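# Coordinates in review
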Amino acid sequence: MIGRRDLLGAGAGALAASRLSGAAAAEVGRISPKTAIADAPPIAAAERQARLAKVQQLMRAAGTGALLVEAGSTLRYFTGVNWWRSERTTAAIIPAEGAALVVTPFFEEPSIREMLDIPAEVRVWQEDESPSALIAGWLRDKRLTARPLAIEETTRFFIVDGARRAMPGLEVTSGAALVNACRMIKTPAEIALMQRASDIVVAAYRATAPAIAPGMDGDAIFALTAAAIRHFGGETPSGSVQLNAGSALPHGSKERQTAREGSVILMDCGCTVDGYHADISRTMVLGKPDAAQRRLFEHVRRGQNAAMAAARPGQPAGAVDDAVRALYERLGYGPRYRLPGLSHRTGHGIGLDVHEPVNLVHGERTLLAPGMCFSNEPGLYVPGSYGVRLEDCFYMTEAGPRYFSQPPPSIDDPFA
């Protein structure tokens with residue numbers, strides 16, 4: 001559950017990010033990323049071609065003419081083009097048969113071609129021209145306007161509206177089912193990249209833990225962790241660190257908290273490798289945990305175990321959340337989302353996006369299948385006091401779920 005960064009304490013955080021200090025520096029230097037963390041090759045062009053073939057087969061079965069995908073993770077998934085969203089349209093149109101089209105501004109074409117990892121036509125538009133007209137012209141050229149145009153679900157309205165205006169009468173449908181059928185099932189290559197990302201975050205936590213000291217705030221602790229993530233080869237470190245009462249708020253508080261003896265410290269951090277995410281949470285106590293802290297930690301570990309026991313191939317994803325809530329209600333939490341208790345879903349899908357379909361939440365009917373990847377994070381929160389969240393992601397196999405990162409055995413060894 002990676003949320004926003006706590007931007008308070010930026011001065012201390014900037015200093016910590018610039019150099020690792022003391023015990024953390026020694027721990028980072030002791031572990032070689034080449035020997036401790038297995039490499040994983042980037043996604044190959046052949047795999048992207050297989051993805052295109054699969055989505056085109058799905059389109060033909062559905063009677064869809066083409067799929068429109070704008071800049072974002074799905075564009076990267078199918079084409080290799082890792083591009084940001086702006087007011088200027090960059091998009092791919094994948095037809096049910098034949099090569100795809102990429103539409104982009106004229107001055108961006110060289111950069112797009114550098115990243116393009118599939119055979120595709122590239123058509124450009126000038127600043128005083130309409131990308132929608134360009135898309136409409138290509139669809140007419142390919143005689144695809146008689147069949148529905150599917151739209152990737154995160155595509156922004158102005159792009160969809162432009163396509164409709166350029167092609168009156170065009171039927172527009174949701175492309176969510178087409179995209180999700182491809183992206184939800186990870187291949188061994190994708191799982192290897194996620195495994196490497198997870199190994200990096202675990203190593204970074206272990207390197208950072210010895211340096212956490214009284215007086216540090218969440219931003220400073222996160223900066224140490226981010227520096228360690230980069231040291232081990234992780235990209236785009238993300239997340240936050242919440243302390244004391246802030247740890248009872250799943251995505252943190254605006255109030256600046258500092259570590260002291262007995263503080264609960266909730267670390268929710270991640271990174272990417274070739275675009276694929278890790279998302280891992282750990283909770284520790286600075287000093288010796290008290291009995292109530294130990295009890296809450298142990299209950300969360302039991303929640304994680306309940307989730308893994310319920311995550312069986314062929315079972316609905318919502319059954320995982322139901323199993324955790326049933327346990328927690330027996331332990332006296334809730335009911336449902338009431339606090340003290342678990343105020344959010346048990347987990348989310350993960351891959352090229354840190355949060356992607358489907359979720360481990362009550363009522364989700366999608367059946368679990370090999371290749372699906374999820375977070376397992378049934379945190380428990382006591383408002384005004386503290387919270388405990390342990391988050392470890394897993395992937396489904398024919399035999400059941402398998403962790404990317406192993407949960408810690410106890411609050412006394414939170415980074416094992």
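The rules behind each value
Residues numbered from 1 in each chain as written. Predicted model: local features only at pLDDT ≥ 70, side-chain atom pairs only at ≥ 80, totals over all residues. Heavy atoms only, no water. Pairing = 2+ DSSP bridges. Helix = DSSP H or I, 4+ residues; strand = E, 2+ residues; numbered from the N terminus. Axes fitted to C-alpha atoms, helices over the stretch in contact; angles between N-to-C directions. Core = buried A, V, L, I, M, F, W, Y, C linked by side-chain atoms within 4.5 Å. Buried < 20%, exposed > 50% of the residue type's maximum accessible area, 1.4 Å probe, protein only. Contact = heavy atoms within 4.5 Å. Parallel < 35°, antiparallel > 145°, perpendicular 65-115°, else oblique. Left-handed = near helix turned anticlockwise from the far one by under 90°.

### Regarding the sheet that holds strand E4 (residues 120–125)
Judged by pairing direction, the sheet is mixed, and its six strands sit side by side in the order E4-E3-E2-E1-E5-E6 without closing on themselves. Whereas interior strands pair on both sides, the edge strands pair on one side only; in this sheet they are E4 and strand E6 (172–174). Pairs of neighbouring strands in the sheet enclose a mean axial angle of 25°, with direction left out of account. Bridge count between strand E2 (residues 91–95) and strand E3 (residues 100–105): three bridges; the pairing is antiparallel. Looking across to E3, one finds that Ala 91 is bridged to Val 103.

### Structural notes on the nonpolar core
Within the largest apolar cluster, 71 residues are counted, with the highest numbers of intra-cluster contacts made by Val 55, Leu 67, Phe 78, Ile 94, Ile 221, Ile 265 and Met 267. Ranked by residue count, the leading element in this core is helix H10 (residues 188–208), at 11 residues. In this structure, Phe 78 is in contact with Arg 48, Arg 51, Leu 52, Val 55, Leu 67, Ile 94, Ile 118, Val 179 and Cys 182, ignoring residues within four places of it in sequence. Listed in part, the 31 residues of the second largest apolar core include Ala 317, Val 320, Leu 342 and Tyr 386.

### Things to note about the pairing of strand E16 (residues 400–403)
As judged from the four bridges shared by strand E15 (residues 392–397) and E16, these two strands associate in the antiparallel manner. Bridge pairing in E16 links Met 396 to Pro 401. Two successive antiparallel strands, E15 and E16, enclose a turn made up of two residues.

### Points about helix H8 (residues 157–166)
Of the residues making up H8, those classed as buried are Ile 159, Val 160, Asp 161, Gly 162 and Ala 163. In this fold, the buried residues of H8 make contact with strand E1 (66–70), helix H7 (131–141), strand E5 (149–151) and E6.

### Thoughts on the packing of H7 against H8
Packing of H7 against H8 leaves a shortest axis separation of 8 Å and a crossing angle of 55°. Considering the angle they form, H7 stands oblique to H8. Note that H7 runs across H8; the crossing there is right-handed. Taken together, the residues of H8 that come into contact with H7 (itself represented by Ser 132, Ala 133, Ala 136 and Arg 140) are Gly 162, Ala 163 and Ala 166.

### A few points about the sheet that holds strand E8 (residues 264–273)
Taken in spatial order, the three strands line up as E7-E8-E9 in an open sheet, and their pairing is antiparallel. The open sheet has two free edges, formed respectively by strand E7 (235–243) and strand E9 (276–285), since each of these has just one partner strand. The sheet shows a mean angle of 10° between the axes of neighbouring strands, direction not considered. One ladder, built from seven bridges, connects E7 with E8; its direction is antiparallel. Pairing of Val 241 across the sheet is with Met 267, part of E8.

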